[in-house]
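Spelled out from the first residue to the last, the chains are:
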Amino acid sequence: MNKTWKNALVIFILLISFLSVHAADLDYLAVTGQPKLTHTEKINSGDPYSAEVTLSRVGIIPRQSNLTVSTAAVNPIITLSIDGETQTFTSKMVSVSLSEAGVTNVEIKISGNAPTVSTDIEAEMVSVVTYVVYDDLNKGPQEEIVRSLIVTNPDIESAVRAINDAKTKRLAAETAISDLKARGVDTTALETRLQVFRDLISTAESSKARGFPIEAKNQADNAIISLDAIILDADSKAQREIDTKKYATVAVVIIIALMGISVLRRKREELG
């Protein structure tokens, strides 16, 4: 074999290898159109949920392929329509082998309810993955779509709002105390009280995370009431500081005026 043929063979092998390696990177299926989702960010426990997703073939047909659809919804119904053939399942995960001859269109429908939670969690309500095998070296999962939602409930939301309000009050109290310290006022007692309610806010966050939202809200509300009292006391101290300085200034002015009057009288007496 001459050198030209050898070079050509090397180039051919490299080209085949390149195409083979990158075949697995190319999507076999892809989402077409806009998925229809009843919720996109947040959902309450028990609320109905549904999703509709359409996949179409966009790439090379693999030697083997498997489609997996899963959801965190409870009471789930998953319907798959693959090139017109429809199957319905009542499980949270469905895995089906796709035809080796290739598929053109896959329609997926999911319905169910958001799971019951005691604290807000992120749940995958839609997950569609195609596992493809082109050859022994080029195989693996291809993620078609994954959508997660924050699952919550009214008690959890109330706790979250109360905790956020408490954090806002904490910041206001910290600012008020810092202003007093900058004026040279002793804030030791206020800082000690503030630390107690910093800890109470942390306890409220822990209660929510452990699944006790009503307890968390009560703790946050108590922190808000006490932080309001700290802010009021800090404002009162600031006002007293202002009043003290104002009265001190007035007193100094009066003393200077009296001293001036006294000096004038003395001079008049000296002049007869």
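The preceding data block contains the structure.
The rules behind each value
Per-chain numbering applies: the sequence of each chain, read as written, is numbered from 1 onward. The model is predicted, so local features are restricted to residues of pLDDT at least 70 and side-chain atom pairs to those at 80 or more, both for listing and for counting; the totals for chains, interfaces and linings are taken over all residues. Heavy atoms throughout the structure, all of them, feed into the side-chain values; hydrogens and water do not. Only protein atoms enter the 1 Å grid used here. Points where a 1.4 Å probe fits but cannot escape make up a cavity, open sets with protein on both sides within 12 Å along at least five of seven lines make up a pocket, and a residue lines them when an atom lies within 4 Å of a point. Grid points are joined across faces, edges and corners, and a volume is the space filled by probe spheres set on the points. Helix and strand definitions follow DSSP, with helices as H or I runs of at least four residues and strands as E runs of at least two, each counted in order from the N terminus. Lys, Arg, Asp and Glu make up the charged group, whereas Ala, Val, Leu, Ile, Met, Phe, Trp, Tyr, Cys and Pro make up the nonpolar group; the residues left over, Gly among them, are polar. Salt bridge, as applied in this entry: a Lys or Arg side-chain nitrogen positioned within 4 Å of an Asp or Glu carboxyl oxygen. Only protein chains enter the accessibility calculation, which uses a 1.4 Å probe; a residue is then buried when its area is under 20% of its type maximum, exposed when over 50%, and partly exposed in between. Each pair of strands is called paired provided DSSP finds at least two bridges between the two strands. Polar contacts, as used here, are pairs of N or O atoms within 3.5 Å; protein pairs need one atom able to donate a hydrogen and one able to accept it. Residues neighboring in sequence count only if both atoms are side-chain atoms.

Student: How would you sum up the layout of surface pockets? Please name residues and give values.
Tutor: Put simply, the largest pocket is a space of about 150 Å³. What lines the largest pocket is Leu 80, Ile 82, Asp 83, Glu 85, Gln 87, Val 96, Ser 97, Leu 98, Ser 99 and Val 103. For the lining of the largest pocket, the elements supplying multiple residues, two or more each, are β6 (74-82), β7 (85-89) and β8 (93-97). The class makeup of the residues in the lining of the largest pocket is five nonpolar, three polar and two charged.

Student: Tell me what's going on with the pattern of salt bridges, and back it up with residues and numbers.
Tutor: Side-chain pairs of opposite charge can arise whenever the charged atoms involved come near each other. For the coordinates displayed, the defined rule picks out nine salt bridges. Taking the shortest distance from any N to any O, the salt bridge between Glu 205 and Lys 167 comes out at 2.5 Å. Taken as a pair, Glu 205 in helix α3 (residues 188-209) and Lys 167 in helix α2 (residues 154-182) lie far apart in primary sequence, 38 residues in all. With relative accessibility at 29%, the residue Lys 167 sits in the partly exposed group. Lys 169 serves as the salt-bridge partner of Asp 228, at 2.9 Å between the closest nitrogen and oxygen. With a gap of 59 residues between them, Asp 228 in helix α4 (residues 213-271) and Lys 169 in helix α2 connect regions that are remote in the sequence. Judged by its relative accessible area of 32%, Asp 228 falls in the partly exposed class.

Student: Before we move on, could you go through unusual backbone geometry and cite the residues and values that matter?
Tutor: In this model, Asn 75 sits at a positive phi of 50°, which is unusual for a non-glycine residue. Relative to the elements of secondary structure, Asn 75 occurs in strand β6. Within the chain, Asp 83 stands out as a residue other than glycine whose phi angle is a positive 50°. Among the secondary structure elements, Asp 83 is positioned in the loop between β6 and β7.

Student: Which residues make up the pairing of strand β5 (residues 64-70), and what values do they have?
Tutor: Counting buried residues in β5 gives five out of seven residues, a clear majority hidden from the surface. Sheet analysis places β5 next to strand β10 (residues 121-133), joined by seven bridges and oriented antiparallel. Bridged to Gln 64 within β10 is Val 133. Sheet topology note: the β5/β8 ladder contains five bridges and is antiparallel. Bridge pairing links Ser 70 to Met 93 in β8.

Student: Describe the pairing of strand β11 (residues 139-152), listing the residues and the values that go with them.
Tutor: Pairing of strand β3 (residues 42-44) with β11 involves three bridges; the strand directions are parallel. What sits directly across from Lys 42, in β11, is Ile 150. Across twelve bridges, β10 lies against β11 in antiparallel orientation. Within the sheet, the bridge partner assigned to Val 129 lies in β11 and is Glu 143. Here β10 hands over to β11 after five residues, the two strands then running antiparallel side by side.

Student: Quick rundown of the side chain of Ser 81? Include the residues and the values.
Tutor: Mapped onto the secondary structure, Ser 81 falls in strand β6. Ser 81 sits in the buried class, given a relative accessible area of 15%. Within the structure, Ser 81 has its side chain in polar contact with the side chain of Thr 86 (distance 3.4 Å).

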